[in-house]
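Structural overview for review
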Amino acid sequence: MSHDTLAIRALGPYGGSAPGYRLTTFLIDGETALDAGSLTDALPLSAQRRIRRVVLTHVHFDHIASLPLLMENLYGQSSPLEVIAPKPVLASLRRDVLNDRVWPDFTRLPSKACPTVLLRPIREGKPFRAGRVAFLPFAVSHVVPAYGYVVSKRERSVVFSGDTEPTDRLWAAARKAKHLKAIFLELSFCNAQLEIAQASQHLTPLQVIAELAKAPARVPVYLYHMKPPSLSRIRREIAAAHEPRLRLLEGERSFRF
Ligand SMILES: [Zn+2]
Ligand SMILES: [Zn+2]
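Figured I'd write up the structure that's included with this text. (Residues numbered from 1 in each chain as written. Chains lettered and ligands numbered in written order. Predicted model: local features only at pLDDT ≥ 70, side-chain atom pairs only at ≥ 80, totals over all residues. Heavy atoms only, no water.)

As a further point, take the side chain of Thr 107. Mapped onto the elements, Thr 107 comes out in the loop between α5 (87-96) and β6 (117-122). Among the polar contacts made by the side chain of Thr 107, one reaches the side chain of Asp 105 at a distance of 2.5 Å. (Helix = DSSP H or I, 4+ residues; strand = E, 2+ residues; numbered from the N terminus. Polar contact = N/O pair within 3.5 Å; in protein donor to acceptor, adjacent residues only side chain to side chain.)

Structural data, given as structure tokens:
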């Protein structure tokens, strides 16, 4: 793998689960996961062991489902897996998942001195490094604390929205990003499901098209996080928009920027 290119594998582009529909997970340069819906379904153990860190957008189940199982697979490894997110996300992960009831507290196993997992808090608006890649977190608008990220490496960057309803902060971050190659934008429900999309703070095709007015020109927008039962309608509604920037991300796909 060239160290100069930014390699992104969309392992799971969906916001729901069924055979052939994996939960939201992106793998960056083979060693940094962005969200962890399906890491243990998508990757063999050897590739799971190469993951150094998991960056989380938020703690909803479809984004962390495979994280407890990954921790178990990495148990006993010499260097801990870093789980990186703003404090409210990590606090919820610790309190609601790694609480010794739902799952063991792998931040203290096998021992407090040499744990399987290290929680690393980061701050909104403050860039941080993850291997050879830089991340810039920004807050989005969702029913729990949630963040998107600008991911940059040398002369290229991409933006991930995370789960969000219509928001200006995402587009402000996208317009500021240098050498922006792609935007990965959530799209969860079809137009007829506007009410549930608003209640759960997600996007529909009509809302995505309205959001595009705020997007930088000519940058492709890859749509992900579709709910599998809504997929065929979403596909028709996006096709009917005839907007060449919009591309529905269906199935696993590798990008090299
Ligand atoms: Zn989600
Ligand atoms: Zn969510």
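All told, the structure shown has 13 aromatic pairs when counted by the stated rule. Taking 5.1 Å as the distance between ring centres and 85° as the angle between the ring planes, the aromatic pair formed by Phe 26 and Tyr 224 counts as edge-to-face. Of this pair, Phe 26 sits in strand β2 (residues 25-28) while Tyr 224 sits in strand β12 (residues 221-224), placing them 198 residues apart in sequence. Phe 26 sits in the buried class, given a relative accessible area of 1%. Grouping aromatic residues by their ring pairs yields a cluster made of Phe 26, Phe 160, Phe 184, Tyr 222, Tyr 224, Phe 255 and Phe 257. (Phe/Tyr/Trp six-rings, centres within 6.5 Å; stacked < 30°, edge-to-face > 60°. Buried < 20%, exposed > 50% of the residue type's maximum accessible area, 1.4 Å probe, protein only.)

What follows deals with the coordination of the zinc ion (ligand 2). Reference values for coordination geometry: four tetrahedral donors around a metal ideally subtend 109.5 degrees, six octahedral donors ideally subtend 90 or 180 degrees. His 58 (NE2), His 60 (ND1), His 142 (NE2) and Asp 163 (OD) make up the full set of protein donors to the zinc ion (ligand 2), lying at 2.1 to 2.4 Å. Here the zinc ion (ligand 2) is ringed by four donor atoms whose angles at the metal span 89 to 164°, and the overall shape comes out irregular. For the zinc ion (ligand 2), the single-chain donor residues occur in sequence as H-x1-H-x81-H-x20-D. Assessed through its relative accessible area of 9%, His 142 is described here as buried. (Donors = N, O, S within 2.8 Å, 3.2 Å for Na, K, Ca; no water. Tetrahedral: all angles 85-135°; square planar, octahedral: opposite > 155°, others 65-115°.)

Moving on, we get to the nonpolar core. The biggest cluster of nonpolar side chains holds 54 residues, and the ones touching the most others in it are Val 54, Leu 67, Val 83, Leu 93, Phe 135 and Phe 184. Discounting residues that sit within four places of it in the chain, Phe 135 has contacts with Ile 28, Thr 32, Leu 34, Val 55, Lys 126, Pro 127, Phe 128, Ala 130, Tyr 149, Val 150 and Val 151. The next biggest cluster of nonpolar side chains, apart from the first, holds 29 residues, and it includes Val 140, Ala 177, Val 221 and Leu 223. (Core = buried A, V, L, I, M, F, W, Y, C linked by side-chain atoms within 4.5 Å. Contact = heavy atoms within 4.5 Å.)

Our focus in this paragraph is the pattern of salt bridges. If you walk through the whole model with that rule in mind, you get 14 salt bridges. Here Arg 94 ties to Asp 105 by a salt bridge, and the two come within 3.8 Å at their closest N and O atoms. Taken as a pair, Arg 94 in helix α5 and Asp 105 in the loop between α5 and β6 lie far apart in primary sequence, eleven residues in all. The exposure class assigned to Arg 94 is partly exposed, which follows from its relative accessible area of 36%. Judged by relative accessible area, Asp 105 falls into the buried class, the value being 6%. For the salt bridge of Glu 250 with Arg 235, the shortest nitrogen-to-oxygen distance reads 2.8 Å. One end of the pair, Glu 250, is in the loop between β13 (246-248) and β14 (253-256); the other, Arg 235, is in helix α9 (residues 231-241), with 15 residues separating them in the sequence. Connected through shared salt-bridge partners, Glu 31, Arg 53, Glu 82 and Arg 120 make up one network. (Salt bridge = Lys/Arg side-chain N within 4 Å of Asp/Glu carboxyl O.)

Right, let's get into helix α6 (residues 169-176). Every buried residue of α6 is accounted for by Leu 170, Trp 171, Ala 173 and Ala 174. Viewed along the axis of α6, the buried residues span an arc of 155°, placing them on a single side of the element. Residues of α6 that are exposed and point more than 90 degrees away from the buried face comprise Arg 175 and Lys 176. Residues of α6 that are buried in the fold lie against β8 (133-139), β9 (147-153), β10 (156-160), β11 (180-186) and α8 (205-211). (Arc of directions from axis to C-beta.)

Coordination of the zinc ion (ligand 1) by the protein involves Asp 62 (OD), His 63 (NE2), Asp 163 (OD) and His 225 (NE2), with metal-donor separations of 2.1 Å. Around the zinc ion (ligand 1) sit four donor atoms; with metal-centred angles ranging over 87 to 170°, the donor geometry is irregular. Summarised as a motif, the one-chain spacing of the donors to the zinc ion (ligand 1) is D-H-x99-D-x61-H. The metal-metal distance between the zinc ion (ligand 1) and the zinc ion (ligand 2) is 3.4 Å, with Asp 163 coordinating both. Of this pair, His 63 sits in helix α3 (residues 61-64) while His 225 sits in the loop between β12 and α9; the two residues are 162 residues apart in sequence, bridging distant segments of the chain.

For the rest of this paragraph, the subject is the sheet that holds β6. Taking strand neighbours across the sheet as the criterion, the seven strands line up as β6-β5-β4-β3-β2-β1-β14 in an open arrangement whose pairing is mixed. Of all the strands in the sheet, just β6 and β14 have a single pairing partner and so form its edges. The mean inter-strand angle of the sheet, taken between neighbouring strand axes irrespective of direction, is 20°. Taken together, the four bridges between strand β1 (residues 7-12) and β14 define a ladder with antiparallel strand orientation. (Pairing = 2+ DSSP bridges. Axes fitted to C-alpha atoms, helices over the stretch in contact; angles between N-to-C directions.)

On to unusual backbone geometry. For the bond from Leu 109 to Pro 110, the omega torsion is 0°, close enough to zero to count as cis. Take Pro 110: it is sitting in the loop between α5 and β6. Positive phi, close to 55°, is recorded for Asp 29, a residue that is not glycine. One non-glycine residue, Gln 201, lies in the positive phi region at around 55°. Classification of Gln 201 by relative accessible area gives buried; the value is 16%.

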